[in-house]
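Structure assessment
Here is what each chain is made of, one letter per residue.
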Amino acid sequence: MTTFKHLLLAAALVAPAALSAPAATAQVGGVAVADPEAAVANSKAWATARTQIQTQYKAQLDQANTRRQAIQTELQPLVAAYQKAAAAPGATEASLRTQAQAIQTREQTANAELQRLTAPASRAQSYAIEQISAKLQDAVSAAARAKNVSLLLRPNAALFANPTADITSAITAELDRTVPTVGITPPANWQPGQQDGGAPAAAPAATPAPATSNRAPTGR
């Protein structure tokens, strides 16, 4: 599924210097890991918002799913024919170009259609995620303070991390405390990125995936 935002936290999240003092209950060396996107995705506010979006925009989402399935059915024989032609002796990029371009053009048209159908739900989702993410940095700082962490890394930035060093759930708990609910109806003039107070994190999409063939041709 498509994610709607790519404004994420930096690869290393460093808590304020005041948190660097060692303590008996600190993580090993004061270092911990956390996944900020997972913290947002696991929050109660997002779970509620996702359910509300799926309910409020059910007709559009169902229509998009129906169209996506129909488009995939339409594309399958075209892709099969392309693959058969590509496997034939003497096949070249030039000989396959017309078929490949026809499939790619149909996919692009289909994806544009699906984006139009899911635009209201996508906008509501982005608005909900942004409201939660606006509190993310505060939640990170509070969780780091509570766990006596002086250096916080993303999991993929650590060669090894003991599971007990992961404070993602603590960040989620802070988000649940500070932003228990969010709205899903953005103001008429709202645009993504207008919220202050933190970098939005990606969360699971509530809208259908774009229409794609099993193996879309890209040319030989």
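My aim in this report is to walk through the structure given alongside it, one point at a time. (Residues numbered from 1 in each chain as written. Predicted model: local features only at pLDDT ≥ 70, side-chain atom pairs only at ≥ 80, totals over all residues. Heavy atoms only, no water.)

Secondary structure summary: the chain contains six helices and three strands in total. Order of helices (α) and strands (β) in the chain, N terminus to C terminus: β-β-α-α-α-α-α-β-α. For the chain, buried positions account for 41% of its 220 residues. Considering only residue pairs separated by 6 or more positions, the chain has 94% of its internal contacts joining residues 24 or more positions apart. For the chain, the exposed surface amounts to about 11700 Å²; the carbon and sulfur share of it is 55%. (Helix = DSSP H or I, 4+ residues; strand = E, 2+ residues; numbered from the N terminus. Buried < 20%, exposed > 50% of the residue type's maximum accessible area, 1.4 Å probe, protein only. Contact = heavy atoms within 4.5 Å. Areas by Shrake-Rupley, 256 points an atom, 1.4 Å probe, with all protein chains shown as cover.)

Our focus in this paragraph is the packing of helix α2 (residues 44-56) against helix α4 (residues 93-133). At a minimum axis separation of 10 Å, α2 and α4 run at an interaxial angle of 165°. One element, α2, and the other, α4, form an angle in the roughly antiparallel class. Our pair here, α2 against α4, has a crossing hand that is right-handed. Contacts between α2 and α4 involve Ala45, Trp46, Ala49 and Ile53 on the former and, on the latter, Ala121, Ala124, Gln125, Ala128, Ile129 and Ile132. (Axes fitted to C-alpha atoms, helices over the stretch in contact; angles between N-to-C directions. Parallel < 35°, antiparallel > 145°, perpendicular 65-115°, else oblique. Left-handed = near helix turned anticlockwise from the far one by under 90°.)

Our focus in this paragraph is the environment of alanine 121. When you line up the elements, alanine 121 lands in helix α4. By relative accessible area, which is 1% here, alanine 121 ends up buried.

We now examine the packing of α2 against helix α3 (residues 58-87). The relative placement of two packed helices is expressed as an angle between their axes plus a distance between the axes. Where α2 contacts α3, the two axes come as close as 5 Å, and the packing angle between them is 75°. As summarised for this structure, α2 and α3 are arranged roughly perpendicular, according to the angle between their axes. Across the interface between the two elements, Ile53, Gln54, Thr55 and Gln56 of α2 pack against Lys58, Gln60 and Leu61 of α3. The residue inventory of the contact of α2 with α3, partitioned by class, reads two nonpolar, four polar and one charged. (Nonpolar A, V, L, I, M, F, W, Y, C, P; charged D, E, K, R; others polar.)

The biggest cluster of nonpolar side chains holds 29 residues, and the ones touching the most others in it are Ile132, Leu152, Ile167, Ile171, Leu175 and Val182. Of all the secondary-structure elements, those providing two or more residues to this core are α1 (36-41), α2, α4, α5 (136-146) and α6 (168-178). Apart from residues lying up to four places away in sequence, isoleucine 171 is in contact with Ala34, Ala39, Leu136, Ala139, Val140, Ala143 and Leu152. Formed by ten residues, the second largest nonpolar core is a distinct cluster that contains Leu75, Val79, Tyr82 and Ala110. (Core = buried A, V, L, I, M, F, W, Y, C linked by side-chain atoms within 4.5 Å.)

Every α-helical turn comprises 3.6 residues, leaving residues that sit three or four positions apart pointing alike. Over its 41 residues, α4 extends only 46 Å from the first C-alpha to the last, a length that falls short of the 60 Å expected when each residue adds 1.5 Å. The sharpest bend along α4 comes to roughly 60°, located at threonine 118, with the proline proline 120 sitting one to four residues further on. (Expected span 1.5 Å × (residues − 1). Bend = angle between axes of the 7 residues up to and from the residue.)

Across all of its chains, the model carries five salt bridges by this definition. In this structure, arginine 67 and glutamate 113 form a salt bridge, with 2.7 Å as the shortest nitrogen-oxygen distance. Here arginine 67, found in helix α3, pairs with glutamate 113, found in helix α4; they are 46 residues apart in sequence, far enough to count as distant. For arginine 106, the salt bridge identified is with glutamate 74, shortest N-O distance 2.7 Å. Taken together, the residues arginine 106 in helix α4 and glutamate 74 in helix α3 connect sequence positions 32 residues apart. A residue is classified by how much of its surface remains accessible, and arginine 106, at 19% relative accessible area, is buried. (Salt bridge = Lys/Arg side-chain N within 4 Å of Asp/Glu carboxyl O.)

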